[in-house]
Amino acid sequence: MACVRVCPADAVAVEGAIVRIVDEACTRCGLCLPACPHDAIEALGDVSRALELALAGRAALILSVECAAYFYPAAPNQVVNACYAAGFRTVHRGVLGDELVAREYLDIWADGDWGTMIRSTCPVIVETVRTQYPELIPYLAPVATPIAAEARYLKQLHGVGTPVVYAGVCITEGGPDVDAAITFEELADLFQRRGIVVSEQAEYFTRVPEERRRHLSMAGGLPLEVLLEETQASRRFRKVRGLSGLGAIARAVAVDRLDLGFVDILPCEGCLDHPLLGPRDELFRRRQIVGATEPARSRAPVVEEAVARGVKVAESFPISQNGHRPQTEAVEAVLKEIGLAPNGKPWDCGACGYATCRAFANAAALGRTTLRSCPPYLDKQARAAQLQAAVDGLTGLATYRVLRDRLASEVARSDRTGDPFAVLFVDLDNFKKVNDEFGHEAGNEVLRGAARECGAHIRTTDLAARYGGDEFVLVLVRTRVDGALGVADKVRATVEGMGRTLGYPEGLVTASVGVAEFVPGRGPETEDVLVAADRALYRAKASGRNQVATGER
């Protein structure tokens, strides 16, 4: 369950042997892809729609700069040429969106009176805040993602009806402003469908390239000025990496009421660190490749002001009612089923894939996993099943299965130590008559009473078991026949007294008892000691019932 362990949104549902991703809860962070040892998870965009738009020849393509690392050793120029050959009308590199967003952040930064502001240019962060930390929604910077901003800019530049396709590592970029989003792998598949080989394209631009220089921004839309002005130790600027940091931010802001300044939080070190681009140990290599393709910074703005004035870069984030959080009662019910560890605390063993039992219970309450994935619960159920198999439900005595195993172990122990043991076979004399005249519930009451009397006269080292029907067997450890006769007579007398106490006619509720002794070296063997006690029981019944008898008398 590696995918369950790494998913920060608890969006992996486990139903027996079937594991699926819950789309409405998934934030598309991609952490589950490299974690899955079976390569069973795929990131899928809308490649069919992208191909359709490319064939129409009207679509604008936003090609993420990380393509240089993905398609290496092919040059970025060759990738752009391949995109044009595939049918895209114009190919942009995401720079214009970064510039638009950076300008918006500079305006906010200049205002300065915002207390806490969380970077909102990463759709994974925004979606995680919306679904798991709605208390942080008011603190999200009211700024669109760079790809959404660029898509709006391109529609303003080329016409509102211009379809926009995004190709990159994070297919949630752009949202509804993008007509189709695909991964680099799917872009390569699109090239293959169109019969285009990237490595065979010209190494120079076959068309005048769109703007690739930056003026205000860094990758991701943050202004360079802000990064140069504020160090990471600044109280006004904080750099946080990893979705786990959102929990601490939520507590600091919503509970402790702290002003954190501008919080630059991303799920990873940036798009070059995205799981779809490969393992983390190749991050430095990818940075070197992309850095080598970065053109010199422009001294003047690269965004056309006349076009930018018609682009809405601001964004709002609606607060959803209850989000994806389960009902408290349902969570507590699951925790009650799991139970506590022997130390009185939650198990929190992590074997289910969740860090804590409460996290597991939240997922179970949402229908994303079942108690069959919880080892402590399964162990609890197994113990209950074993107990049910070992204890007779009506009388509370041991079952025949336990009796059989105990007799075998007592014979083995007796052979080792030389100590004898005794077996008592108890049978209610007129039990059928009790059932016929007073009903089966009355018969059950007599059985329970007889079982209590059998258990009342033995030690904790002995065993009382229900053999079947109205018959009981008592195993008396390290007991000779004389001692066993004394116990048998007590059982017989107390059963008779129990019948009188319950109000039955004199002599109706009585018991006959057969006694047999196992002596090491001369038997009887395991089954024979029961047979010997059974024969003694028949002798007691033949003597007039309500009697105790042995094999000899």
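Please refer to the structure higher up on the page.
1. Describing the overall build of the protein
Alright, step 1. Helix and strand content of the protein: 21 helices and 14 strands.
Alright, step 2. Relative to the 2.2 N^0.38 estimate, which gives 24 Å for 553 residues, the radius of gyration of the protein is 39 Å and therefore markedly larger than a compact globule would have.
Alright, step 3. The dimensions of the protein, computed from C-alpha atoms along their principal axes, are 115 × 55 × 45 Å.
Alright, step 4. Here the protein holds 553 residues, and 48% of them are scored as buried.
Alright, step 5. Long-range pairs, those at least 24 residues apart, make up 72% of the contacts in the protein with a sequence separation of at least 6.
Alright, step 6. Of the roughly 26500 Å² that the protein leaves accessible, carbon and sulfur atoms contribute 51%.
Alright, step 7. Between the centroid of the 63 positive side chains of the protein and the centroid of its 72 negative side chains there is a distance of 2 Å.

2. Focus: the sheet that holds strand S12 (residues 471-476)
Alright, step 1. Strands sit in the order S11-S12-S10-S13-S14 across an open sheet of 5 strands; the sheet is mixed. Here the strands that pair on one side only, and so sit at the sheet edges, are strand S11 (463-468) and strand S14 (548-550). Averaged over neighbouring strand pairs, the angle between their axes works out to 25° when direction is ignored.
Alright, step 2. Two elements, strand S10 (residues 421-428) and strand S13 (residues 511-518), share 8 bridges in a ladder whose sense is antiparallel. Counted as the bridge partner of leucine 424 is valine 515 from S13.

3. So, unusual backbone geometry
Alright, step 1. A cis geometry characterises the amide bond from tyrosine 72 onward to proline 73, with omega recorded as 15°.
Alright, step 2. For proline 73, the position within the fold is in the loop between helix H4 (67-70) and helix H5 (76-86).

4. Structural notes on the packing of aromatic side chains
Alright, step 1. Taken as a whole, this structure holds 12 aromatic pairs when the rule is applied.
Alright, step 2. Seen from their ring centres, tyrosine 70 and phenylalanine 71 are 5.1 Å apart, and the 75° between their planes marks the pair as edge-to-face.
Alright, step 3. A residue is classified by how much of its surface remains accessible, and tyrosine 70, at 33% relative accessible area, is partly exposed.
Alright, step 4. Taking the centre distance of 5.9 Å and the plane angle of 10° together, the rings of phenylalanine 237 and phenylalanine 262 count as stacked. Note that phenylalanine 237 is positioned in strand S8 (residues 237-241) and phenylalanine 262 in strand S9 (residues 261-266), a separation of 25 residues in sequence.
Alright, step 5. A residue is classified by how much of its surface remains accessible, and phenylalanine 237, at 3% relative accessible area, is buried.
Alright, step 6. Members of the aromatic cluster, connected to one another through ring pairs, are Tyr70, Phe71, Phe184 and Phe191.
Alright, step 7. For arginine 236, the ring lying beneath its charged end belongs to tryptophan 109, and the centroid distance is 4.1 Å.

5. Here we look at the packing of helix H14 (residues 328-338) against helix H15 (residues 357-365)
Alright, step 1. For the pair H14 and H15, interaxial distance at closest approach is 8 Å and the crossing angle is 120°. The angle between H14 and H15 places the two elements in the oblique class. Here H14 runs over H15; the crossing is right-handed. Here Ala330, Val331, Glu332, Val334, Leu335 and Ile338 of H14 come into contact with H15, specifically with Cys357, Arg358, Phe360, Ala361, Asn362, Ala364 and Ala365.
Alright, step 2. Its residues placed into classes, the contact of H14 with H15 shows 10 nonpolar, 1 polar and 2 charged.

About the cut-offs
Residues numbered from 1 in each chain as written. Predicted model: local features only at pLDDT ≥ 70, side-chain atom pairs only at ≥ 80, totals over all residues. Heavy atoms only, no water. Helix = DSSP H or I, 4+ residues; strand = E, 2+ residues; numbered from the N terminus. Rg over C-alpha atoms; globule rule 2.2 N^0.38 Å. Buried < 20%, exposed > 50% of the residue type's maximum accessible area, 1.4 Å probe, protein only. Contact = heavy atoms within 4.5 Å. Areas by Shrake-Rupley, 256 points an atom, 1.4 Å probe, with all protein chains shown as cover. Lys, Arg positive; Asp, Glu negative; His and termini not counted. Charge placed at Lys NZ, Arg CZ, Asp CG, Glu CD. Pairing = 2+ DSSP bridges. Axes fitted to C-alpha atoms, helices over the stretch in contact; angles between N-to-C directions. Phe/Tyr/Trp six-rings, centres within 6.5 Å; stacked < 30°, edge-to-face > 60°. Lys NZ or Arg CZ within 6 Å of the ring centre and 35° of its normal. Parallel < 35°, antiparallel > 145°, perpendicular 65-115°, else oblique. Left-handed = near helix turned anticlockwise from the far one by under 90°. Nonpolar A, V, L, I, M, F, W, Y, C, P; charged D, E, K, R; others polar.

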